[in-house]
Amino acid sequence: MTPHAPGPGFRPRAAVAMSRDAAAAVLDRHTLDAFRRVCDLAPGPVLDDLSAPRARSVLADVDLLITGWGCPVLDAEVLRAAPRLRAVVHTAGSVRGHVTDACWERGIEVSSAAAANALPVAEYTLAMILLSGKRVLERARDFRESRTRGNWLRTPRGVGNYRSTVGILSASLIGRRVVELLRPHDIEVLLHDPYVSDVDAAELGVERVGLAELFARCDTVSVHTPLLPTTRGLVGRSLIDSMPAGALLVNTSRGAVVDQEALTDAAVAGRIRAVLDVTDPEVLPADHPLWECGNVLITPHLAGSEGNEWRRLADLALDETTRWASGTGFLHPVRRERLAFLA
């Protein structure tokens, strides 16, 4: 039977495909009830093994999959078991782990919550730039150890954010949001992105510069480059060594974009400071020197959506499902031709 086309009155048959932990985190009872108001949602448990008999039975009737972290790969074999499937709504950022060529060849429409997930990462980045500019962590440590403020009128002139220069590496969703959040501050923003023109940079309100110039000129460089074959190790030793003394490197993208050894050498030597929400490997060995480096802050990949921020991901996915069912189309589509530039 040919499935009905999305439009007024259409109620897609949908199922949730992700890990059970992801579903418990992102899809609370109220959110699931909201989904049920716009689609016929297959009852739980979620589909975390698409080869299981129950999963194959559910897939046979679905028009739409609501996916998330831990979703199994949607390959040709899975799609053969889902002849009606025409859309995937992802409740997280990257779809590269589960959306395959077979999905694009089928013409399946794909939406992602990457735009929603970009917001907390950008907020984290802004907070770290401003706090690091004031040397908050170091000065709080010194205050705790000495129990005295000292002569604040002797604060080095390099401390503070007024007229500092921040470099954004890649005008990704997150990079662009960081630029927006920096606008109210007295900060000069430079951008390196080979796919952004001077006209685009002017519209963003930033100065477009080359990669080497970005690192040589900036007090802070914030990395927002997706990890692709062409970007692995992009921030190498020569760039790190060219950073001004005391400059800050912030990485919220992927650890392997940065040469970890070169970063470690520069940080341990006290030449630069770093805020790392990601490392390579993702959890450094217990004896890695960066753990004990006083000018480096390492956080456990927490910049992205967590806690009550998961609700934002679910809300976007719900909005996208509602739009698709009504025939309006996705507001946040993922295009096959853009995959090479996405995380």
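The written sequence of each chain sets the order in which its residues are numbered from 1. Restriction of local features to residues with pLDDT of at least 70 applies here, the model being predicted, together with a cutoff of 80 or more for giving and counting side-chain atom pairs; totals for whole chains, interfaces and linings are based on all residues. Just so you know, side-chain values use all the structure's heavy atoms and leave hydrogens and water out.

In the nomenclature of an unreviewed UniProt entry, the protein is known as Hydroxyacid dehydrogenase of Streptomyces apricus. UniProt positions are given in the numbering used here, feature names are shortened, and annotations may be inferred rather than shown by experiment. Comment text from UniProt for the protein, heading Sequence similarities (unreviewed entry), reads "Belongs to the D-isomer specific 2-hydroxyacid dehydrogenase family."

**Student:** A description of the overall build of the protein should follow, citing residues and the corresponding values.
**Tutor:** Helix and strand assignments follow DSSP, with helices taken as H or I runs no shorter than four residues and strands as E runs no shorter than two, numbered in order from the N terminus. For the protein, the helix and strand inventory stands at 13 helices and 12 strands. Principal-axis analysis of the C-alpha atoms places the extent of the protein at approximately 75 × 45 × 35 Å. The rule is simple: take the accessible area with a 1.4 Å probe, protein chains only, and divide by the maximum for that residue type; under 20% is buried, over 50% is exposed, in between is partly exposed. Residue burial in the protein is summarised as follows: out of 343 residues, 48% are buried. Method for areas: the Shrake-Rupley scheme with a 1.4 Å probe, in which residue coverage is limited to the protein chains shown. For the protein, the accessible surface area stands at approximately 16,900 Å², while carbon and sulfur atoms represent 53% of it. The charged-residue count follows a simple rule in which Lys and Arg add positive charge and Asp and Glu add negative charge, with His and chain termini not counted at all. Note on charges: their place is set at NZ of Lys, CZ of Arg, CG of Asp or CD of Glu. In the protein, which carries 39 positive and 42 negative side-chain charges, the distance between the mean positions of the two groups comes to 4 Å.

**Student:** Could you give me a rundown of the pairing of strand S11 (residues 273–276), with the residues and numbers involved?
**Tutor:** Residues Arg273 and Val275 of S11 are buried on one face, and the alternating residues Ala274 and Leu276, pointing to the opposite face, are buried as well. We call two strands paired when DSSP finds no fewer than two bridges between them. Across four bridges, strand S10 (residues 248–251) lies against S11 in parallel orientation. Within S11, the position partnered with asparagine 251 by the bridge is leucine 276. Sheet topology note: the S11/strand S12 (residues 296–298) ladder contains three bridges and is parallel.

**Student:** Talk me through helix H12 (residues 260–268); I want residue IDs and the actual numbers.
**Tutor:** All of the buried residues in H12 are Gln260, Ala262, Leu263, Thr264, Ala266 and Ala267. Residue contacts follow a heavy-atom distance rule, with two residues in contact if any of their heavy atoms lie within 4.5 Å. Taken together, the buried residues of H12 touch helix H11 (237–241), S10, S11 and S12. Two residues or fewer past H12, glycine 270 is found with a positive phi of approximately 80°.

**Student:** A description of the UniProt feature "domain: D-isomer specific 2-hydroxyacid dehydrogenase catalytic" (unreviewed entry) in the protein should follow, citing residues and the corresponding values.
**Tutor:** Cross-referencing UniProt, the feature "domain: D-isomer specific 2-hydroxyacid dehydrogenase catalytic" (unreviewed entry) maps to residues 60–327 in the present numbering. As annotated, residues 60–327 has a helix share of 36% and a strand share of 15%, and its two end C-alpha atoms lie 22 Å apart.

**Student:** Tell me about the packing of aromatic side chains, and name the residues and values.
**Tutor:** When two rings of Phe, Tyr or Trp (its six-membered ring) have centres within 6.5 Å they constitute a pair, described as stacked for plane angles under 30 degrees, edge-to-face for angles over 60, and tilted for the intermediate range. Tallied over the entire structure, the rule returns one aromatic pair. Their ring planes at 65° and their centres at 6.0 Å tell us that phenylalanine 10 and tryptophan 324 sit as a pair that is edge-to-face. Taken together, the residues phenylalanine 10 in the segment before strand S1 (13–17) and tryptophan 324 in helix H13 (residues 310–326) connect sequence positions 314 residues apart. Note on accessibility: phenylalanine 10 and tryptophan 324 belong to one class, buried.

**Student:** Residues and numbers for the pattern of salt bridges, please.
**Tutor:** A side chain of one charge can pair with a side chain of the opposite charge when the charged atoms of the two come close. Salt bridges are defined as contacts in which a side-chain nitrogen from Lys or Arg sits within 4 Å of a carboxyl oxygen from Asp or Glu. One pass over the full model with this rule turns up 17 salt bridges. A salt bridge links arginine 84 to aspartate 63; the nearest nitrogen and oxygen atoms lie 3.1 Å apart. Of this pair, arginine 84 sits in the loop between helix H4 (76–80) and strand S4 (87–90) while aspartate 63 sits in the loop between helix H3 (53–59) and strand S3 (64–67), and the two are 21 residues apart along the sequence. Looking at arginine 84, the relative accessible area reads 14%, which means it is buried. Put simply, arginine 217 and glutamate 207 hold a salt bridge, and the shortest N to O gap is 3.1 Å. Remark: glutamate 207 occurs in strand S8 (residues 207–208) and arginine 217 occurs in helix H10 (residues 211–217); sequence separation between them is 10 residues. Residue classification places arginine 217 among the partly exposed residues on the basis of a relative accessible area of 33%. Residue classification places glutamate 207 among the partly exposed positions, given a relative accessible area of 33%. Here the residues in one salt-bridge network are Glu188, Glu207, Glu213 and Arg217, joined through shared partners.

**Student:** Tell me about the environment of histidine 288, and name the residues and values.
**Tutor:** Inspection of the secondary structure assignment puts histidine 288 in the loop between S11 and S12. The spatial distance from the C-alpha of histidine 288 to the C-alpha of leucine 234 is 22 Å, given a sequence separation of 54 residues. Contacts of histidine 288, omitting those with residues within four sequence positions, involve Gln260 and Thr264.

**Student:** Can you explain the nonpolar core? Please cite residues and give values.
**Tutor:** Only buried Ala, Val, Leu, Ile, Met, Phe, Trp, Tyr and Cys residues count toward a nonpolar core, and they belong to the same one when joined by side-chain atoms within 4.5 Å. Of all hydrophobic cores here, the largest spans 27 residues; its most connected members are Leu214, Phe215, Val235, Ile240, Leu249 and Leu263. No other element matches the four residues that H12 contributes to this core. What isoleucine 240 contacts, discounting residues up to four positions off in sequence, is Val235, Val258, Asp259, Ala262, Leu263, Ala266, Arg271 and Ile272. Counting 26 residues, the second-largest nonpolar core is a separate cluster that includes Ala55, Leu65, Cys71 and Ala102.

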